[in-house]
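Listed below, chain by chain, are the residues.
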Amino acid sequence: MINSLYHILKNECPNCNKGKVFADKSFFFSVGFPKMNNNCSYCNYKFEKEPGYFFGAMFVNYALTVGQALITFCVASQFFDKLFDFRILFIIGVVIVTLSFFNIRLSRMIWIYLFKNYQN
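Numbers given to residues run from 1 along each chain, matching the order in which its sequence is written. Note on the predicted model: pLDDT of at least 70 is required for a residue's local features to be given, and 80 or more for side-chain atom pairs to be given and counted; whole-chain, interface and lining totals, by contrast, use all residues. Where side-chain values are given, they derive from all heavy atoms of the structure, hydrogens and water being excluded.

Trainee: Give me the overall build of the protein: which residues, what numbers.
Mentor: Secondary structure elements are defined from DSSP: runs of H or I of at least 4 residues count as helices, runs of E of at least 2 residues count as strands, and each element is numbered from the N terminus. When its secondary structure is counted, the protein shows three helices and zero strands. When the elements of the protein are put in sequence order from the N terminus, they spell out α-α-α. If one aligns the C-alpha atoms of the protein with their principal axes, the spans along those axes are about 55 × 30 × 25 Å. Exposure categories follow from relative accessible area, calculated using a 1.4 Å probe and restricted to protein chains: below 20% of the type maximum is buried, above 50% is exposed, and the middle band is partly exposed. Counting every position in the protein, which comprises 120 residues, the buried fraction comes to 38%. Note on definitions: a residue-residue contact is assigned when non-hydrogen atoms from the two residues lie within 4.5 Å. For the protein, restricting intrachain contacts to residue pairs at least 6 apart in sequence, the fraction spanning at least 24 positions comes to 58%.

Trainee: Describe the nonpolar core, with residues and values.
Mentor: What makes a nonpolar core is a set of buried Ala, Val, Leu, Ile, Met, Phe, Trp, Tyr and Cys residues whose side-chain atoms join them at distances within 4.5 Å. V21, M36, F47, F54, M109, W111 and I112 are the most contacted members of the largest nonpolar core, which has 18 residues in total. Where this core is concerned, the elements lending two or more residues are α2 (57-76) and α3 (86-114). Top element by residues in this core is α3. It accounts for six residues. When residues no more than four places from it in sequence are discounted, the contact partners of V21 are N11, E12, C13, P14, M36, N37, F47, M109 and I112.

Trainee: Break down the state of the cysteines for me, citing the residues and quoting the values.
Mentor: Here, a disulfide means two cysteine sulfur atoms that sit within 2.5 Å of each other. The full count for this structure, using the stated rule, is zero disulfides. Distance from the sulfur of C40, which forms no disulfide, to the nearest cysteine sulfur (C16) is 3.5 Å.

Trainee: Kindly report on a nonpolar patch on the surface, identifying the contributing residues and their values.
Mentor: Exposure above 30% relative accessible area and no salt bridge define the residues that can form patches, which grow by joining like charges within 9 Å and nonpolar side chains of Val, Leu, Ile, Met, Phe, Trp and Tyr within 5 Å. What sets the accessible areas is the Shrake-Rupley method with a 1.4 Å probe; for residues, cover comes only from the shown protein chains. When a carboxyl oxygen of Asp or Glu lies within 4 Å of a side-chain nitrogen of Lys or Arg, that pair is called a salt bridge. A surface patch of nonpolar side chains, about 480 Å² in accessible area, is lined by L83, F84, F86 and L89. Within the fold, L89 resides in helix α3.

Trainee: Outline the environment of N38, listing residues and values.
Mentor: Within the secondary structure, N38 is located in the loop between α1 (2-9) and α2. Overall, the relative accessible area of 63% leaves N38 in the exposed class. Sequence-wise, N38 and V21 are 17 residues apart; in three dimensions their C-alpha atoms are separated by 8.1 Å. When sequence neighbours within four positions are dropped, the list of residues in contact with N38 reads Y45, K46 and F47.

Structural data, given as structure tokens:
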């Protein structure tokens, strides 16, 4: 599990752990929609199994966003007198928008690793 998390964050192929899934140089700080490689450059593993394969990654992205919003609310609410202050919504919005580009990549990597062949 920890090994898979390490390879997810390093943007490595789920089959050989050598090739890169995304063509972008930086996995963490890229702005815009991610550019994915079609196949691994080392083992020729195909990342998109079928059309619409990454539709399920949207649900992973949603779960990541909700988790980040809850954590942001818990941290930000400590700095305000009232439990619910409308300024917290602005802070949550900034955090969600800031992390959205990272979440797209991370959710796709998690989705790929969920369905990799663990027999090898």
